[in-house]
Amino acid sequence: MLNSMKSSAPEKDKNAAANAAETMGRTVQPHDHAWARSEPTTKAGTASCIGSDMSIVGKIECNGPAQVLGRIEGELRASDLLISEGAQVEGNIIAQGVTVCGRVKGTIRAVRVKLQNGGAVEGDIFHRTLSIDENSQFEGSSRRVENPTEPPSSIDAKGPQKSPQKKDMAPAP
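## Some words on the overall build of the protein
Line of reasoning, step 1. In terms of regular secondary structure, the protein is built from four helices and 14 strands.
Line of reasoning, step 2. In the protein, which comprises 173 residues, the proportion classed as buried is 40%.
Line of reasoning, step 3. A total of about 9800 Å² of accessible surface is found on the protein, and carbon and sulfur atoms cover 48% of it.

## Re the packing of aromatic side chains
Any pair of aromatic rings gets described here by the distance separating the centres and the angle formed by the planes.
Line of reasoning, step 1. Evaluation of the coordinates by the stated rule reveals zero aromatic pairs.
Line of reasoning, step 2. The ring of F126 carries the charged tip of R109 above its face, separated from the ring centre by 4.1 Å.

## Looking at the pairing of strand β10 (residues 108-115)
Line of reasoning, step 1. Buried residues dominate β10, accounting for six of its eight residues.
Line of reasoning, step 2. With seven bridges joining them, strand β8 (residues 93-100) and β10 adopt parallel strand pairing. The residue of β10 that forms the bridge with G97 is R112.
Line of reasoning, step 3. With seven bridges connecting them, β10 and strand β12 (residues 125-132) associate as parallel partners. Across the sheet, the residue bridging to V113 is L130, located in β12.

## A short note on the pairing of strand β6 (residues 76-83)
Line of reasoning, step 1. In terms of burial, β6 is a largely internal element, six of the eight residues being buried.
Line of reasoning, step 2. In this structure, strand β4 (residues 66-68) lies alongside β6, joined through three bridges in parallel fashion. Within β6, the position partnered with Q67 by the bridge is L82.

## Focus on unusual backbone geometry
Line of reasoning, step 1. The phi torsion at N117 lies on the positive side, around 55°, for a residue other than glycine.
Line of reasoning, step 2. Along the chain, N117 turns up in the loop between β10 and β11 (120-122).
Line of reasoning, step 3. The class of N117 is partly exposed, set by a relative accessible area of 23%.

## Structural notes on the sheet that holds strand β5 (residues 71-73)
Line of reasoning, step 1. The strand order across the open sheet built from six strands is β2-β5-β7-β9-β11-β13, with neighbouring strands paired in parallel fashion. Among the strands making up the open sheet, the edge pair consists of β2 (55-57) and β13 (137-139). On average, each strand axis in the sheet is inclined to that of its neighbour by 5°, with strand direction left out of account.
Line of reasoning, step 2. Where strand β9 (residues 103-105) and β11 come together, three bridges link them in parallel fashion. For K105, the partnering residue across the bridge sits in β11 and is E122.

## Some remarks on the confidence of the model for the protein
Line of reasoning, step 1. In this model, the protein carries a mean pLDDT of 75, and residues with pLDDT of at least 70 account for 61%.
Line of reasoning, step 2. Across the protein, the element-wise mean pLDDT spans from 37 in helix α1 (residues 2-8) up to 98 in β9.
Line of reasoning, step 3. Confidence drops under a pLDDT of 50 for residues 1-43, and excluding neighbours within four residues, the segment shows 59 contacts in the predicted structure.
Line of reasoning, step 4. A low-confidence stretch, residues 154-168 stays under pLDDT 50, and its non-local contacts, those more than four residues away or across chains, total seven contacts.

## What about the nonpolar core?
Line of reasoning, step 1. Counting residues in each nonpolar core, the largest one holds 23 residues, and the members touching the most others are L81, I83, I93, V98 and I108.
Line of reasoning, step 2. For this core, the secondary structure elements donating two or more residues are β4, β6, β8 and β10.
Line of reasoning, step 3. In this view, I108 contacts I93, V98, V100, V113, V121, D124, I125 and F126; residues no more than four positions away in its chain are not counted.

About the criteria used
- Residues numbered from 1 in each chain as written.
- Predicted model: local features only at pLDDT ≥ 70, side-chain atom pairs only at ≥ 80, totals over all residues.
- Heavy atoms only, no water.
- Helix = DSSP H or I, 4+ residues; strand = E, 2+ residues; numbered from the N terminus.
- Buried < 20%, exposed > 50% of the residue type's maximum accessible area, 1.4 Å probe, protein only.
- Areas by Shrake-Rupley, 256 points an atom, 1.4 Å probe, with all protein chains shown as cover.
- Phe/Tyr/Trp six-rings, centres within 6.5 Å; stacked < 30°, edge-to-face > 60°.
- Lys NZ or Arg CZ within 6 Å of the ring centre and 35° of its normal.
- Pairing = 2+ DSSP bridges.
- Axes fitted to C-alpha atoms, helices over the stretch in contact; angles between N-to-C directions.
- pLDDT = per-residue confidence, 0-100.
- Contact = heavy atoms within 4.5 Å.
- Core = buried A, V, L, I, M, F, W, Y, C linked by side-chain atoms within 4.5 Å.

Dropping the structure here:
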């Protein structure tokens, strides 16, 4: 089955699917960079990994890229994030880039968001760019904003520039 996952994935997505499958099948050593070739990598080539046998409840902050193979309940922040096939995140996500191949229930705030390889999102997505593959699912609303990773109050602060005008107009009639 792992081989069929590799061969059925589009060329661009092969590395992410193959590396996720490879990681699920073995223990990742700190010096082992083979799995880190998937999307959430930096020039240093390392990413933090939440293993498939891990379940975490709480707020997670990662200063670099991260890959989730297990289950997270709570807020998750990373520079780039790959939610692998079989992974589940229930909570809000904030990152520069987010690729969802697993399941997310919550709000995503990222500059680039990709739903691919059957990924599913139930919640709102604030983004600058959004792509959804035909096999993926999205239930919620999406909104393009210039700075999606800024705290919600900053995004809302840009919106109320119109709202005070409405408030000023509302009492008049």
